[in-house]
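Spelled out from the first residue to the last, the chains are:
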Amino acid sequence: MEVIEILREASKRIYENVKDLAGTEHAAGDFGIGAGGDISRNIDIVAEKTVLDYLKEINFECIVLGEECGRVELSNNSKGYIIMDAIDGSANAVRGVPFFCSSLAFATENKLSSITDGVITNLSNGEMYWASKNKGSFFNDKQIKVHNKEPIYKIVGINISGASADLMKRLHPIFENNNHTRHFGANALEMALFARGLMDIFIDLRDKIRIQDIAAGYLIVKEAGGLLLDANLNLLDADLSYETRVSFIAAANQKILDEIMSQINE
Ligand code: IPD
Ligand code: CA
């Protein structure tokens, strides 16, 4: 079975197991602080267990790097890493805001740039975004590309959750400059919408986002033809460690990147 099929099946199983849980009191059950540093909620635990059980069921020899469960070695003859954020947008999922997803990626080495496969599933409706290296990005069965025409409405995604006052000051011109700014609360799904051409640029400059949140989006954005850069406008890469936090910009093309960057205060 190809790795992408394994990730797709694991995500489908997450969707089946959590679709009736979002927004319920049961979803919120507190399991203490997870490996990623946030409180693990029952819905996170149910979703992670679904993936771990499935990988064990098919004897997939890998090391899992999960946001809640941490590093789990399922074999000592591992083929690579499964980078798992079983629920991205946990706050939305717990409150029942219909914008949360699962993010599963496979990497051969300890680097974002070695990701070969990624799947993001919108857990409020089961829609799936997926990519394999050099094979393009897909939304369900349709190939997707970033938006590359002059937009009718310029949609600028910006993650400002918990942003510092200094960062808000730097970003302020973007809000003033006739852009349609959006922030939905699940980075992986926002990267997927960007890859599908529904946003022109997506920015997260908070230095807070974990590798688990962006691993699948990393490949889906690149395979859809997006530019994916770090805060210094170099190609985004990072190791897969739990301490790593990144900032990034996903832009549909150089023109929109230059335009928005010129609006950010130094
Ligand atoms: C969160 C989401 C959110 C971002 C937070 C992340 P989680 O992931 O991606 O958009 O603002 O920084 O922690 O915790 O729901 O997996
Ligand atoms: Ca999560």
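Residues numbered from 1 in each chain as written. Chains lettered and ligands numbered in written order. Predicted model: local features only at pLDDT ≥ 70, side-chain atom pairs only at ≥ 80, totals over all residues. Heavy atoms only, no water.

Engineer: Looking at this structure, I do not really get the packing of helix H1 (residues 3-18) against helix H2 (residues 42-57). What am I missing?
Structural biologist: The relative placement of two packed helices is expressed as an angle between their axes plus a distance between the axes. Where H1 contacts H2, the two axes come as close as 9 Å, and the packing angle between them is 140°. Accordingly, the angle class assigned to the pair H1 and H2 is oblique. The hand of the H1/H2 crossing is right-handed. On H2, the residues that touch Ile6, Glu9, Ala10, Arg13, Ile14, Asn17 and Val18 of H1 are Ile43, Val46, Ala47, Thr50, Val51, Tyr54, Leu55 and Glu57. When its residues are assigned to classes, the contact of H1 with H2 shows 10 nonpolar, 2 polar and 3 charged. (Axes fitted to C-alpha atoms, helices over the stretch in contact; angles between N-to-C directions. Helix = DSSP H or I, 4+ residues; strand = E, 2+ residues; numbered from the N terminus. Parallel < 35°, antiparallel > 145°, perpendicular 65-115°, else oblique. Left-handed = near helix turned anticlockwise from the far one by under 90°. Contact = heavy atoms within 4.5 Å. Nonpolar A, V, L, I, M, F, W, Y, C, P; charged D, E, K, R; others polar.)

Engineer: It is not clear to me how the packing of aromatic side chains should be interpreted in this structure. Could you clarify?
Structural biologist: A full pass over the atoms with the stated rule returns 5 aromatic pairs. For the ring pair Tyr129 and Phe139, a centre distance of 4.8 Å and an interplane angle of 35° mean the geometry is tilted. One end of the pair, Tyr129, is in strand E8 (residues 128-132); the other, Phe139, is in strand E9 (residues 137-139), with 10 residues separating them in the sequence. As far as the burial class goes, Tyr129 and Phe139 line up, both buried. Ring geometry for Phe202 against Phe248: centres 5.9 Å apart, planes inclined by 45°, an arrangement best described as tilted. Here Phe248 lies in strand E15 (residues 245-251) and Phe202 lies in strand E13 (residues 201-210), a separation of 46 residues in the sequence. Comparing Phe202 with Phe248, the two get one shared label, buried. Above the plane of the ring of Tyr15 lies Lys19, whose end atom (NZ or CZ) is 5.6 Å from the centre. In this arrangement the basic side chain of Arg196 is found over the ring face of Phe139, its NZ or CZ atom lying 3.9 Å from the centre. (Phe/Tyr/Trp six-rings, centres within 6.5 Å; stacked < 30°, edge-to-face > 60°. Buried < 20%, exposed > 50% of the residue type's maximum accessible area, 1.4 Å probe, protein only. Lys NZ or Arg CZ within 6 Å of the ring centre and 35° of its normal.)

Keep in mind that these numbers describe shape and distance, not what the molecule does.
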